[in-house]
Amino acid sequence: MIIQHKGASIFYTDQGAGNAIVLLHGFLENSTMWEPVINELKDNHRVICIDLLGHGKTECIGYVHTMEDMAEAVHTVIGILQLNDVTLIGHSMGGYVGCAFAKAYPEKIIKLCLLNSTPNPDDNERVTLRRRANKMAQTQYAQLVRMSFTNLFDHEAQRANRSIIDVALKEALKTPLQGYLAANEGMAIRPDYGNFWINTPIITAMILGTTDWIIDAAAHKEAYERGTNYFKIIEGGHMTHISNTAETMYALAKFISY
Ligand code: MLT
(Lines give C-alpha, C1' and ligand atoms only; values in the text may rest on other atoms or scores of the structure.)
Protein backbone atom coordinates (compact mmCIF):
# COMPACT_ATOMS: atom_id res chain seq x y z
CA MET A 1 0.00 0.00 0.00
CA ILE A 2 1.11 3.57 -0.68
CA ILE A 3 0.53 6.80 1.22
CA GLN A 4 1.87 10.30 0.55
CA HIS A 5 4.34 12.02 2.87
CA LYS A 6 5.95 15.37 2.00
CA GLY A 7 5.23 14.80 -1.70
CA ALA A 8 6.78 11.30 -1.75
CA SER A 9 5.14 7.89 -1.96
CA ILE A 10 5.73 5.73 1.12
CA PHE A 11 5.18 2.01 0.67
CA TYR A 12 4.12 -0.34 3.44
CA THR A 13 2.52 -3.75 3.92
CA ASP A 14 -0.12 -4.47 6.54
CA GLN A 15 -0.94 -8.10 7.41
CA GLY A 16 -2.62 -10.04 10.21
CA ALA A 17 -4.68 -8.80 13.14
CA GLY A 18 -3.94 -8.09 16.80
CA ASN A 19 -1.41 -5.87 18.59
CA ALA A 20 0.51 -3.70 16.12
CA ILE A 21 4.11 -4.63 15.37
CA VAL A 22 6.00 -2.30 13.04
CA LEU A 23 9.12 -3.66 11.33
CA LEU A 24 11.82 -1.27 10.08
CA HIS A 25 14.47 -2.69 7.76
CA GLY A 26 18.18 -1.87 7.54
CA PHE A 27 20.32 -0.03 4.98
CA LEU A 28 19.95 -1.41 1.40
CA GLU A 29 17.09 -3.60 2.60
CA ASN A 30 13.35 -3.25 2.15
CA SER A 31 10.12 -4.81 3.41
CA THR A 32 10.62 -8.00 1.32
CA MET A 33 13.52 -9.02 3.56
CA TRP A 34 11.24 -9.28 6.60
CA GLU A 35 9.20 -12.03 4.94
CA PRO A 36 10.32 -14.92 7.19
CA VAL A 37 9.63 -12.79 10.29
CA ILE A 38 6.23 -11.57 9.00
CA ASN A 39 5.19 -15.16 8.30
CA GLU A 40 5.94 -16.13 11.90
CA LEU A 41 4.18 -13.12 13.45
CA LYS A 42 1.10 -12.44 11.35
CA ASP A 43 -1.05 -15.26 12.79
CA ASN A 44 -1.21 -13.50 16.15
CA HIS A 45 -0.34 -9.87 15.42
CA ARG A 46 -0.97 -7.05 12.99
CA VAL A 47 2.38 -6.68 11.23
CA ILE A 48 3.18 -3.45 9.40
CA CYS A 49 6.33 -3.29 7.38
CA ILE A 50 7.46 0.11 6.04
CA ASP A 51 9.95 0.78 3.24
CA LEU A 52 12.11 3.59 4.65
CA LEU A 53 12.91 6.74 2.63
CA GLY A 54 14.75 5.98 -0.61
CA HIS A 55 14.47 2.21 -0.12
CA GLY A 56 12.23 -0.43 -1.72
CA LYS A 57 9.17 1.21 -3.22
CA THR A 58 9.43 4.37 -1.08
CA GLU A 59 10.66 7.52 -2.79
CA CYS A 60 13.29 10.01 -1.62
CA ILE A 61 12.40 13.35 -0.04
CA GLY A 62 15.90 14.86 -0.07
CA TYR A 63 19.64 14.38 -0.52
CA VAL A 64 20.22 13.60 3.16
CA HIS A 65 17.68 11.45 4.98
CA THR A 66 18.30 11.87 8.69
CA MET A 67 17.05 9.19 11.06
CA GLU A 68 14.54 11.82 12.24
CA ASP A 69 13.30 12.33 8.64
CA MET A 70 12.77 8.60 8.37
CA ALA A 71 11.03 8.49 11.78
CA GLU A 72 8.69 11.27 10.65
CA ALA A 73 7.69 9.21 7.60
CA VAL A 74 7.07 6.21 9.88
CA HIS A 75 4.95 8.47 12.10
CA THR A 76 2.82 9.47 9.08
CA VAL A 77 2.09 5.81 8.31
CA ILE A 78 1.34 5.00 11.96
CA GLY A 79 -0.96 8.05 12.12
CA ILE A 80 -2.89 7.16 8.98
CA LEU A 81 -3.35 3.58 10.21
CA GLN A 82 -4.36 4.95 13.64
CA LEU A 83 -2.01 2.57 15.42
CA ASN A 84 -1.43 2.91 19.15
CA ASP A 85 0.71 1.00 21.65
CA VAL A 86 3.04 -0.03 18.86
CA THR A 87 5.86 -2.56 19.23
CA LEU A 88 8.69 -1.33 17.00
CA ILE A 89 11.40 -3.70 15.80
CA GLY A 90 14.27 -2.15 13.85
CA HIS A 91 17.07 -3.96 12.13
CA SER A 92 20.36 -2.00 12.08
CA MET A 93 19.51 1.33 10.36
CA GLY A 94 15.87 0.55 11.17
CA GLY A 95 16.91 0.47 14.84
CA TYR A 96 18.53 3.92 14.55
CA VAL A 97 15.21 5.11 13.08
CA GLY A 98 13.40 3.30 15.91
CA CYS A 99 15.42 5.30 18.49
CA ALA A 100 14.64 8.56 16.66
CA PHE A 101 10.96 7.59 16.55
CA ALA A 102 10.76 6.61 20.23
CA LYS A 103 12.42 9.86 21.26
CA ALA A 104 10.15 12.06 19.10
CA TYR A 105 6.85 10.18 19.56
CA PRO A 106 7.07 8.21 22.85
CA GLU A 107 3.28 8.25 23.23
CA LYS A 108 2.88 6.00 20.18
CA ILE A 109 5.10 3.15 21.25
CA ILE A 110 5.24 0.69 24.13
CA LYS A 111 8.15 -1.55 23.10
CA LEU A 112 11.30 -1.00 21.05
CA CYS A 113 13.67 -3.71 19.87
CA LEU A 114 17.08 -3.09 18.31
CA LEU A 115 17.97 -6.11 16.20
CA ASN A 116 21.68 -6.03 15.31
CA SER A 117 21.54 -2.31 15.96
CA THR A 118 22.77 0.25 18.46
CA PRO A 119 21.84 3.49 20.23
CA ASN A 120 25.44 4.66 19.71
CA PRO A 121 26.43 7.20 17.04
CA ASP A 122 29.11 6.55 14.42
CA ASP A 123 32.74 6.97 15.48
CA ASN A 124 35.04 9.08 13.27
CA GLU A 125 36.39 6.05 11.44
CA ARG A 126 32.91 4.92 10.41
CA VAL A 127 31.96 8.43 9.27
CA THR A 128 35.09 8.49 7.08
CA LEU A 129 34.21 5.09 5.59
CA ARG A 130 30.66 6.24 4.81
CA ARG A 131 31.87 9.41 3.06
CA ARG A 132 34.40 7.36 1.08
CA ALA A 133 31.65 4.92 0.06
CA ASN A 134 29.40 7.80 -1.02
CA LYS A 135 32.18 9.10 -3.27
CA MET A 136 32.74 5.65 -4.77
CA ALA A 137 28.98 5.20 -5.27
CA GLN A 138 28.95 8.03 -7.83
CA THR A 139 30.94 5.93 -10.32
CA GLN A 140 30.78 2.28 -9.20
CA TYR A 141 27.36 1.98 -7.60
CA ALA A 142 26.32 -1.58 -8.47
CA GLN A 143 29.76 -2.94 -7.55
CA LEU A 144 29.66 -1.11 -4.22
CA VAL A 145 26.15 -2.36 -3.36
CA ARG A 146 27.08 -5.93 -4.29
CA MET A 147 30.19 -5.82 -2.11
CA SER A 148 28.75 -3.99 0.90
CA PHE A 149 25.49 -5.96 0.99
CA THR A 150 27.19 -9.35 0.69
CA ASN A 151 29.64 -8.33 3.44
CA LEU A 152 26.73 -7.85 5.84
CA PHE A 153 26.53 -11.67 6.01
CA ASP A 154 29.30 -13.54 7.79
CA HIS A 155 31.20 -16.25 5.86
CA GLU A 156 29.18 -19.10 7.32
CA ALA A 157 25.90 -17.40 6.37
CA GLN A 158 27.22 -16.67 2.88
CA ARG A 159 27.96 -20.37 2.39
CA ALA A 160 24.76 -21.73 3.94
CA ASN A 161 22.26 -19.21 2.52
CA ARG A 162 23.61 -18.41 -0.96
CA SER A 163 20.27 -18.56 -2.79
CA ILE A 164 18.44 -16.50 -0.14
CA ILE A 165 21.23 -13.92 -0.17
CA ASP A 166 21.10 -13.71 -3.98
CA VAL A 167 17.37 -12.88 -3.83
CA ALA A 168 18.01 -10.23 -1.16
CA LEU A 169 20.94 -8.82 -3.15
CA LYS A 170 18.66 -8.35 -6.18
CA GLU A 171 16.41 -6.24 -3.97
CA ALA A 172 19.39 -4.30 -2.57
CA LEU A 173 20.49 -3.47 -6.12
CA LYS A 174 17.11 -1.81 -6.75
CA THR A 175 17.92 0.86 -4.11
CA PRO A 176 18.31 4.11 -6.06
CA LEU A 177 21.65 5.92 -5.80
CA GLN A 178 20.00 8.92 -4.11
CA GLY A 179 18.45 6.61 -1.51
CA TYR A 180 21.86 5.08 -0.77
CA LEU A 181 23.67 8.43 -0.47
CA ALA A 182 20.94 10.10 1.58
CA ALA A 183 20.65 7.25 4.11
CA ASN A 184 24.40 6.75 4.44
CA GLU A 185 24.94 10.45 5.22
CA GLY A 186 21.89 10.41 7.53
CA MET A 187 23.47 7.55 9.50
CA ALA A 188 26.83 9.39 9.63
CA ILE A 189 25.26 12.42 11.35
CA ARG A 190 22.86 10.58 13.65
CA PRO A 191 22.91 11.62 17.31
CA ASP A 192 23.87 9.55 20.34
CA TYR A 193 20.74 7.79 21.70
CA GLY A 194 22.63 6.06 24.54
CA ASN A 195 21.22 8.13 27.39
CA PHE A 196 17.76 8.01 25.94
CA TRP A 197 17.99 4.23 25.65
CA ILE A 198 18.97 3.71 29.27
CA ASN A 199 16.39 6.13 30.68
CA THR A 200 13.31 5.56 28.52
CA PRO A 201 10.27 3.98 30.21
CA ILE A 202 9.55 2.16 26.92
CA ILE A 203 10.21 -1.61 27.18
CA THR A 204 13.47 -2.20 25.33
CA ALA A 205 15.25 -5.16 23.77
CA MET A 206 18.64 -5.58 22.15
CA ILE A 207 19.18 -8.75 20.11
CA LEU A 208 22.71 -9.01 18.72
CA GLY A 209 24.71 -11.53 16.69
CA THR A 210 27.89 -13.13 18.01
CA THR A 211 29.85 -12.48 14.78
CA ASP A 212 28.34 -9.16 13.70
CA TRP A 213 31.31 -7.00 12.60
CA ILE A 214 29.19 -3.82 12.59
CA ILE A 215 27.70 -4.07 16.10
CA ASP A 216 30.11 -5.35 18.77
CA ALA A 217 27.93 -7.66 20.89
CA ALA A 218 30.40 -7.97 23.79
CA ALA A 219 30.91 -4.18 24.09
CA HIS A 220 27.13 -3.67 23.98
CA LYS A 221 26.59 -6.31 26.67
CA GLU A 222 28.94 -4.36 28.90
CA ALA A 223 27.37 -0.97 28.12
CA TYR A 224 23.69 -1.80 27.83
CA GLU A 225 22.72 -5.13 29.39
CA ARG A 226 21.68 -3.50 32.66
CA GLY A 227 19.77 -0.64 30.97
CA THR A 228 17.83 -2.92 28.61
CA ASN A 229 14.74 -4.92 29.58
CA TYR A 230 15.58 -7.92 27.38
CA PHE A 231 19.19 -8.37 26.21
CA LYS A 232 20.10 -11.39 24.12
CA ILE A 233 23.09 -12.47 22.06
CA ILE A 234 22.36 -15.10 19.40
CA GLU A 235 24.49 -17.08 16.92
CA GLY A 236 25.28 -15.29 13.69
CA GLY A 237 26.33 -12.04 12.06
CA HIS A 238 24.58 -8.81 11.11
CA MET A 239 21.70 -10.40 9.19
CA THR A 240 20.35 -12.93 11.70
CA HIS A 241 16.71 -12.33 10.64
CA ILE A 242 17.70 -13.95 7.31
CA SER A 243 20.56 -16.28 8.26
CA ASN A 244 19.32 -17.51 11.66
CA THR A 245 15.57 -16.93 11.56
CA ALA A 246 14.81 -19.63 14.16
CA GLU A 247 16.89 -18.11 16.96
CA THR A 248 15.91 -14.58 15.96
CA MET A 249 12.22 -15.49 16.14
CA TYR A 250 12.67 -17.19 19.50
CA ALA A 251 14.27 -14.03 20.91
CA LEU A 252 11.69 -11.73 19.27
CA ALA A 253 8.83 -13.83 20.66
CA LYS A 254 10.32 -13.53 24.17
CA PHE A 255 10.54 -9.76 23.76
CA ILE A 256 7.04 -9.40 22.28
CA SER A 257 5.52 -11.30 25.21
CA TYR A 258 7.65 -9.39 27.76
C1 MLT B 1 22.51 -1.61 8.13
O2 MLT B 1 22.55 -2.84 7.99
O3 MLT B 1 21.45 -0.99 8.27
C4 MLT B 1 23.80 -0.82 8.08
O5 MLT B 1 24.86 -1.66 7.87
C6 MLT B 1 23.96 -0.03 9.32
C7 MLT B 1 25.16 0.83 9.31
O8 MLT B 1 25.81 1.00 8.26
O9 MLT B 1 25.47 1.40 10.38
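Right above here is the structure, for reference.
Think of each chain on its own: its residues are numbered from 1, step by step along the sequence as written. Residue-level local features of this predicted model are given only where pLDDT is at least 70; pairs of side-chain atoms are given and counted only at 80 or more, and the full residue set underlies all totals for whole chains, interfaces and linings. In computing side-chain values, all of the structure's heavy atoms are included and hydrogens and water are not.

A. View of the overall build of the protein chain. Under the scheme used here, helices are H or I runs from DSSP no shorter than 4 residues and strands are E runs no shorter than 2 residues, and both carry numbers assigned from the N terminus. Helix and strand content of the protein chain: 12 helices and 8 strands. As a reference, a globule follows 2.2 Å times the number of residues to the power 0.38, and the radius of gyration itself is taken over C-alpha atoms. Whereas a compact globule of 258 residues would reach a radius of gyration of roughly 18 Å, the protein chain reaches 17 Å, a difference of no more than 12%. Structurally, the protein chain occupies a C-alpha span of about 45 × 40 × 35 Å along its principal axes. Evaluated residue by residue, the protein chain yields a buried proportion of 57% over its 258 residues. Look at the contacts in the protein chain between residues 6 or more apart in sequence, and 77% of them connect residues 24 or more apart. Shrake-Rupley sampling with a 1.4 Å probe provides the accessible areas, and residues are treated as covered by the protein chains on show and by no other component. About 11200 Å² of surface is accessible on the protein chain, with carbon and sulfur atoms providing 52% of the total. Counted as positive: Lys and Arg. Counted as negative: Asp and Glu. His and the chain ends are not counted at all. Charge placement uses NZ in Lys and CZ in Arg. For Asp and Glu, CG and CD serve respectively. For the protein chain, the distance from the average site of its 22 positive side-chain charges to the average site of its 27 negative ones is 2 Å. The buried label applies to any residue whose accessible area, calculated with a 1.4 Å probe on protein chains only, is under 20% of its type's maximum; exposed applies above 50%, and partly exposed to all values in between. Any two residues having at least one pair of non-hydrogen atoms within 4.5 Å are treated as being in contact.

B. The packing of helix H2 (residues 67–80) against helix H3 (residues 93–104), seen in detail. Axis lines are fitted to C-alpha atoms, over the contacting stretch for helices. Their N-to-C directions set the angle, which ranges from 0 to 180 degrees. Where H2 contacts H3, the two axes come as close as 8 Å, and the packing angle between them is 75 degrees. The angle between H2 and H3 falls in the class roughly perpendicular. Touching Met67, Glu68, Met70, Ala71, Val74, His75 and Ile78 of H2 are Met93, Tyr96, Val97, Ala100 and Phe101, all from H3. Angle categories are assigned with fixed cut-offs, so that under 35 degrees is roughly parallel, over 145 is roughly antiparallel, 65 to 115 is roughly perpendicular, and the rest are oblique.

C. Summary view of helix H5 (residues 141–150). When H5 is considered as a whole, its buried residues turn out to be Tyr141, Leu144, Val145, Phe149 and Thr150. Those residues of H5 that are buried are in contact with helix H4 (124–137), helix H6 (155–160), helix H7 (162–172) and helix H8 (177–188).

D. The packing of aromatic side chains, seen in detail. The aromatic pairing rule takes the rings of Phe, Tyr and Trp, using the six-membered ring of Trp, and pairs them if the centres are within 6.5 Å, calling planes under 30 degrees apart stacked, those over 60 edge-to-face and the rest tilted. The tally for this structure, following the rule as stated, stands at 4 aromatic pairs. Pairing Phe101 with Tyr105 gives two aromatic rings, centres 5.1 Å apart and planes at 50 degrees, and the pair type is tilted. Across the pair, exposure class does not vary: Phe101 and Tyr105 are buried alike. With 5.7 Å between their ring centres and 70 degrees between their planes, Phe149 and Phe153 make a pair best called edge-to-face.

E. Region of the structure containing the environment of Lys111. Among the structural elements, Lys111 can be located in strand S6 (residues 109–115). By relative accessible area, which is 8% here, Lys111 ends up buried. In contact with Lys111, not counting residues within four places along its chain, are Val86, Thr87, Leu88, Ile202, Ile203, Phe255, Ile256, Ser257 and Tyr258. A polar contact is formed between the side chain of Lys111 and the backbone oxygen of Tyr258, at a distance of 3.3 Å. Pairing of N or O atoms within 3.5 Å defines a polar contact, subject to two protein rules: one partner must be a possible hydrogen donor and the other a possible acceptor, and residues neighboring in sequence count only if both atoms are side-chain atoms.

F. The arrangement of the sheet that holds strand S4 (residues 46–50) in detail. Spatially, S1-S2-S4-S3-S5-S6-S7-S8 is the arrangement adopted by the 8 strands of the open sheet, whose pairing is mixed. Taken across any chain shown, the strands that pair with only one partner, and hence form the sheet edges, are strand S1 (2–5) and strand S8 (230–234). Recorded for the sheet is a direction-independent mean angle of 20 degrees between the axes of neighbouring strands. The pairing criterion is simple: DSSP has to find at least two bridges between the two strands. As defined by bridge partners, strand S2 (residues 8–15) adjoins S4 across 4 bridges and the pair is classed as antiparallel. In the sheet register, Gln15 faces S4, and the bridge partner there is Val47. Relative to the sheet, H2 contacts S1, S2, strand S3 (20–24), S4 and strand S5 (86–91), its axis offset from that of S1 by approximately 125 degrees.

G. Quick look at the pattern of salt bridges. One side-chain nitrogen of Lys or Arg within 4 Å of one carboxyl oxygen of Asp or Glu is enough to make a salt bridge. Here the structure, examined in full by the defined rule, presents 9 salt bridges. In this structure, the salt-bridge partner of Lys174 is Glu171, at a minimum N-O distance of 2.9 Å. Judged by relative accessible area, which is 57%, Lys174 ranks as exposed. According to the relative accessible area criterion, Glu171 is buried, its value standing at 18%. For Glu225, the salt bridge identified is with Lys221, shortest N-O distance 3.3 Å. Assessed through its relative accessible area of 35%, Glu225 is described here as partly exposed. Given a relative accessible area of 39%, Lys221 falls into the partly exposed group.

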